[in-house]
Amino acid sequence: MAAPQVHATEEAPTLLPDLTVTAATRTERQVERTPAATEILSGEDVQRSGATMLDEALRAESSIYTGADGNAFSIRGGKREDVLYLVDGRRIAGTSSRSQVLNRIPVSHVERIEIVKGPGSVVYGADAVAGVINVITRRPEPGLEGGVSAQAGTPTDADGGERYQGGLYLGGGSQDTRFRLFADALERKAYSEKTTTEPDGGGAPSSQTFDQDLRPSADVYTLRGGVTHWFTDRFNIDLEAGFLTEERQARLTQGSGPGNIEKFAAVETEESDRRDLAATAEWLATETLELRYQAYESHYEFDRVRSHLAPQDFTSDAANREFGLREATFTERVNDFLAQWQSAPRHTVLTGLEHKQQIYQDLQPEDEPEHDQWVGGGFLQHEWQATDRLDLVYGVRHDETSTEADSTSLQAGAVYRLAPEARLRAQYAEGFKLPELRSFHVDTEDGQGREVRGAYVIDEDVGKDERHELDPESSRNYELGIAGDLDLHRDVTAFYDIGLFYAEYDDRIGRAQGNGDYETFKNVDNARSQGTELQFGVAFDPQLELSLAATYLDAIDRDSRETLPDTPEWTAVAKALWTPTDPLELQLRTRYVDEVRARDDWDSAYTLTSLDVGYAPAAWDGLRLQGGIENLLDEGNDSSLRADPGRFARAGVRYDF
């Protein structure tokens with residue numbers, strides 16, 4: 001959350017978060033005049049927390065639920081797959097389940113992170129069912145600028161879990177031509193504990209004792225670069241390319257597999273690469289009309305294999321074979337056109353056309369064909385400042401698809417400023433999502449040895465003798481909120497934001513047992529979530545700032561009434577930022593996560609307290625020394641925190657010029 005700033009208005013001194021956002025409406029808009037609940041993490045927030053990847057930034061700064069390993073994630077009861085992930089406004093490809101997506105977006109040189117809570121299908125089309133996260137990277141000014149960062153961290157007690165990170169940014173150029181280059185590297189060692197298996201049959205030994213990795217090792221390397229050229233003051237073209245490569249490895253207990261072995265030690269290796277290409281043209285046609293066209297492709301390749309950790313312990317020939325093979329590619333190609341017209345000083349009209357093509361291919365077995373689907377749509381949005389106090393934002397979108405699952409989405413919101421101390425907002429929004437191509441066509445064996453067949457696959461060997469249909473997912477979200485800025489006493493200012501929401505999700509897709517010896521994808525449930533979101537901050541200018549972000553969530557299956565996975569009833573982050581002197585900054589963070597359902601089990605509640613320290617010596621302009629201790633009190637947990645190595649100390653340095 002950005003530090004509040006004091007501004008004067010004609011009415012009274014007031015505390016405003018001096019920020020504009022783009023993710024909610026795809027136009028630059030002041031956050032306090034945006035109907036959708038939008039949370040902003042500034043680059044300073046992220047740097048202060050010591051986060052290296054997006055999952056760490058969200059866990060440190062936001063009340064959104066993010067699991068200890070960064071893989072479990074939920075916004076307002078929506079699944080991880082129901083969130084649209086953007087980098088500089090563009091989609092990034094990944095697996096259908098969005099597994100590890102938060103763990104491969106570096107944040108070492110971000111300008112800000114925008115989190116829109118609730119559907120966004122009017123302006124983004126398919127996939128924005130539960131929310132939108134847009135990571136906005138640094139943009140250069142004329143001249144030469146840059147930054148480098150390095151960080152190392154280690155558990156204070158546990159074996160393994162060490163982390164090393166390095167980041168580089170270089171940008172600049174002339175008034176007409178500017179370039180930018182980002183590079184980031186993360187190496188994290190596995191965190192493990194001694195485990196003994198007790199297998200039964202299949203030629204396995206009576207037991208195996210090994211170091212089981214509770215969080216896998218990870219090597220993630222990212223490189224992005226771009227150039228923007230202004231042909232005139234009104235027309236520019238931007239070109240960008242990016243590349244990511246990563247490897248993750250984990251030693252684990254295999255639940256089932258070749259030879260009908262019940263339990264044995266295995267090692268899983270995942271390798272993946274992502275390539276991103278983008279071209280954007282912007283033209284200010286008149287003083288009131290701006291046109292923007294972009295075409296981009298994001299291509300992701302994924303390869304996974306499992307094998308026995310100690311095949312010499314077995315008598316069965318199956319121990320010498322690899323299993324759980326998965327090799328697949330996912331591609332998204334997008335053509336997107338936007339026209340923004342300010343028809344009058346109080347009216348802004350945004351219209352757009354988008355065509356998105358998704359391509360999926362499973363390379364195991366080798367003869368699996370390539371599959372694709374497309375969705376194309378157009379939308380119209382009107383932003384109207386009806387009076388000096390009332391802002392209205394509403395829009396409609398219609399999408400047609402290659403699967404004939406057409407959709408029309410609506411969105412309408414209002415902000416009414418009673419006074420600087422009270423701004424009322426209301427929002428209704430709809431979302432939809434096409435079934436992923438993998439849900440129709442996958443034909444493989446998962447990491448646990450279970451046969452998985454898509455809805456359209458027929459395989460009589462496992463008992464799947466007919467295809468079945470999948471309906472698109474959809475959502476509806478209602479919210480009311482009140483926010484304001486308070487001038488409490490002299491240099492003491494505060495802000496607050498309280499929101500109530502109710503959301504329904506229909507035809508949610510998930511894996512389910514088929515009619516034979518296999519699992520498939522079906523519309524498994526309809527869900528409902530409701531709750532309250534709170535943000536509060538107070539600044540005792542200029543040395544002390546206190547803030548709190550909390551979420552109460554009641555999320556259930558509407559049919560069974562069971563609590564949804566990854567939806568704790570309470571999550572909260574409280575922070576105290578103290579600046580005793582200009583060079584020195586201290587921040588204390590406390591995060592609470594209530595008990596949460598993880599698949600068919602429950603993880604217990606936990607509270608973590610962390611300390612962040614920053615020092616910027618006056619003699620070295622641009623230099624900042626950073627450090628901190630995560631889980632300062634070394635709190636334990638028998639479930640969620642098994643992914644974290646207890647108390648964790650880190651130290652780093654950053655230099656910007």
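### Observations regarding the side chain of Asp127
Logical step 1: Relative to the assigned elements, Asp127 resides in the loop between helix H3 (121–124) and strand E11 (131–137).
Logical step 2: Within the structure, Asp127 has its side chain in polar contact with the side chain of Arg91 (distance 2.7 Å).
Logical step 3: In terms of polar contacts, Asp127 uses its side chain to reach the side chain of Lys356, at 2.8 Å.
Logical step 4: Excluding anything up to four places from it in sequence, Asp127 contacts Asp82, Val83, Leu84, Arg91, Arg98, Lys356, Gln358, Phe432 and Lys433.

### Looking at the pairing of E11
Logical step 1: In terms of burial, E11 is a largely internal element, seven of the seven residues being buried.
Logical step 2: As defined by bridge partners, strand E8 (residues 83–87) adjoins E11 across five bridges and the pair is classed as parallel. Considered in E11, the bridge of Val83 is made with Gly131.
Logical step 3: Note: strand E10 (residues 110–117) against E11, seven bridges, orientation antiparallel. Across the sheet, Glu114 pairs through a bridge with Asn134, a residue of E11.

### Quick notes on the sheet that holds E8
Sheet strands associate in pairs through backbone hydrogen bonding, adopting either a parallel or an antiparallel arrangement.
Logical step 1: Read across the open sheet, the five strands follow the order E5-E10-E11-E8-E9; overall the sheet is mixed. Strand pairing shows two members of the sheet lacking a second neighbour, strand E5 (38–42) and strand E9 (90–91), which therefore form its edges.
Logical step 2: With five bridges joining them, E5 and E10 adopt antiparallel strand pairing. Its bridge partner lying in E10, Thr38 is registered against Val116.

### Observations concerning the packing of aromatic side chains
Logical step 1: The final tally for this structure, using the stated rule, is 10 aromatic pairs.
Logical step 2: Ring centres of Tyr552 and Trp570 lie 5.2 Å apart, and the angle between their planes is 50°; this geometry places the pair in the tilted category. Here Tyr552 is found in strand E32 (residues 544–557), whereas its partner Trp570 is found in strand E33 (residues 570–578), with 18 residues between them in sequence.
Logical step 3: Residue classification places Tyr552 among the partly exposed positions, given a relative accessible area of 26%.
Logical step 4: Pairwise contacts between aromatic rings join Tyr300, Phe330 and Tyr360 into one cluster.
Logical step 5: Its guanidinium or amino end placed over the ring of Tyr456, Arg467 lies 3.6 Å from that ring's centre, counting from NZ or CZ.

### Looking at the layout of surface pockets
Logical step 1: By volume, the second largest pocket amounts to about 1100 Å³.
Logical step 2: Around the second largest pocket, the lining comprises 33 residues; the ones closest to its centre are Thr22, Glu28, Arg139, Glu282 and Arg292.
Logical step 3: Listed by contribution, the elements that provide at least two residues to the lining of the second largest pocket are E10, E11, strand E14 (177–188), strand E17 (217–232), strand E18 (235–254), strand E19 (264–284), strand E20 (289–308) and strand E21 (323–344).
Logical step 4: Sort the elements by how many residues they give to the lining of the second largest pocket and E20 lands first, with four residues.
Logical step 5: Of the residues contributing to the lining of the second largest pocket, the split by class is nine nonpolar, 11 polar and 13 charged.

### Focus: unusual backbone geometry
It is generally the case that most residues other than glycine have a negative phi and that most peptide bonds are trans.
Logical step 1: Here Arg26, not a glycine, exhibits a phi torsion of approximately 65°, which is positive.
Logical step 2: Checked against the element boundaries, Arg26 lands in the loop between strand E3 (20–21) and strand E4 (29–30).
Logical step 3: Judged by its relative accessible area of 16%, Arg26 falls in the buried class.
Logical step 4: Non-glycine residue Glu404 carries a positive phi angle of around 65°.
Logical step 5: On the secondary structure map, Glu404 appears in the loop between strand E24 (390–401) and strand E25 (407–419).
Logical step 6: The exposure class of Glu404 is exposed, given its relative accessible area of 73%.

### Quick look at the side chain of Asn236
Logical step 1: By the element assignment, Asn236 lies in strand E18.
Logical step 2: Beyond its immediate chain neighbours, meaning those up to four positions away, Asn236 contacts Thr228, His229, Trp230, Thr280, Ala281 and Glu282.

### Topic: a negative patch on the surface
Logical step 1: A cluster of like negative charges, contributed by Glu460, Asp461, Asp465 and Glu466, occupies part of the molecular surface.
Logical step 2: Its location among the elements puts Glu466 in the loop between strand E28 (451–453) and strand E29 (473–489).
Logical step 3: By relative accessible area, Glu466 is classed as exposed at 53%.

### Side note on the pattern of salt bridges
Logical step 1: Under the defined criterion, the tally for this structure stands at 64 salt bridges.
Logical step 2: Here Arg163 ties to Glu56 by a salt bridge, and the two come within 2.9 Å at their closest N and O atoms. Pair noted here: Arg163 is in strand E13 (residues 163–173) and Glu56 is in helix H2 (residues 54–61), with a separation of 107 residues, a long-range link. Like Arg163, the residue Glu56 is buried in the burial classification.
Logical step 3: In this structure, Arg90 engages Glu240 in a salt bridge whose closest nitrogen and oxygen atoms are separated by 2.7 Å. With Arg90 in strand E9 and Glu240 in strand E18, this residue pair connects regions lying 150 residues apart in the sequence. The same class applies to Arg90 and to Glu240, which are both buried.

### Points about the confidence of the model for the protein
Logical step 1: Residues of the protein with pLDDT of at least 70 account for 93%, and the chain-wide mean is 90.
Logical step 2: Across residues 1–17 the pLDDT falls below 50, and counting only partners more than four positions away or on other chains, this stretch makes 48 contacts in the model.
Logical step 3: Throughout residues 256–261 the model reports pLDDT below 50, and contacts reaching past four residues in sequence, or to other chains, amount to 18 contacts.

### Considering the nonpolar core
Logical step 1: Counting residues in each nonpolar core, the largest one holds 31 residues, and the members touching the most others are Leu54, Phe73, Ile113 and Ile133.
Logical step 2: When contributions to this core are tallied by element, the ones reaching two or more residues are H2, E8, E10, E11, strand E30 (492–513) and E32.
Logical step 3: Ignoring any residue separated from it by four or fewer positions in sequence, one finds Ile113 in contact with Glu39, Ile40, Leu41, Val46, Leu54, Ala57, Val107, Ile133, Asn134 and Val135.

### Remarks on the environment of Tyr502
Logical step 1: Looking at where Tyr502 falls in the secondary structure, it is placed in strand E30.
Logical step 2: Since its relative accessible area comes to 28%, Tyr502 is described here as partly exposed.
Logical step 3: Counting along the chain gives 146 residues from Tyr502 to Lys356, while the straight-line C-alpha distance between them is 30 Å.
Logical step 4: Every residue in contact with Tyr502, bar those within four places of it in the chain, is listed here: Arg476, Asn477, Tyr478, Arg528, Ser529 and Gln530.
Logical step 5: At 2.7 Å, the side chain of Tyr502 and the side chain of Glu504 are in polar contact.

Calculation notes
Residues numbered from 1 in each chain as written. Predicted model: local features only at pLDDT ≥ 70, side-chain atom pairs only at ≥ 80, totals over all residues. Heavy atoms only, no water. Helix = DSSP H or I, 4+ residues; strand = E, 2+ residues; numbered from the N terminus. Polar contact = N/O pair within 3.5 Å; in protein donor to acceptor, adjacent residues only side chain to side chain. Contact = heavy atoms within 4.5 Å. Buried < 20%, exposed > 50% of the residue type's maximum accessible area, 1.4 Å probe, protein only. Pairing = 2+ DSSP bridges. Phe/Tyr/Trp six-rings, centres within 6.5 Å; stacked < 30°, edge-to-face > 60°. Lys NZ or Arg CZ within 6 Å of the ring centre and 35° of its normal. 1 Å grid on protein atoms, 1.4 Å probe; cavity = no way out; pocket = protein on both sides within 12 Å on 5 of 7 lines; lining within 4 Å. Points joined across faces, edges and corners; volume = space filled by probe spheres on them. Nonpolar A, V, L, I, M, F, W, Y, C, P; charged D, E, K, R; others polar. Patch = residues over 30% accessible without salt bridge, like charges linked within 9 Å, V, L, I, M, F, W, Y side chains within 5 Å. Areas by Shrake-Rupley, 256 points an atom, 1.4 Å probe, with all protein chains shown as cover. Salt bridge = Lys/Arg side-chain N within 4 Å of Asp/Glu carboxyl O. Lys, Arg positive; Asp, Glu negative; His and termini not counted. Charge placed at Lys NZ, Arg CZ, Asp CG, Glu CD. pLDDT = per-residue confidence, 0-100. Core = buried A, V, L, I, M, F, W, Y, C linked by side-chain atoms within 4.5 Å.

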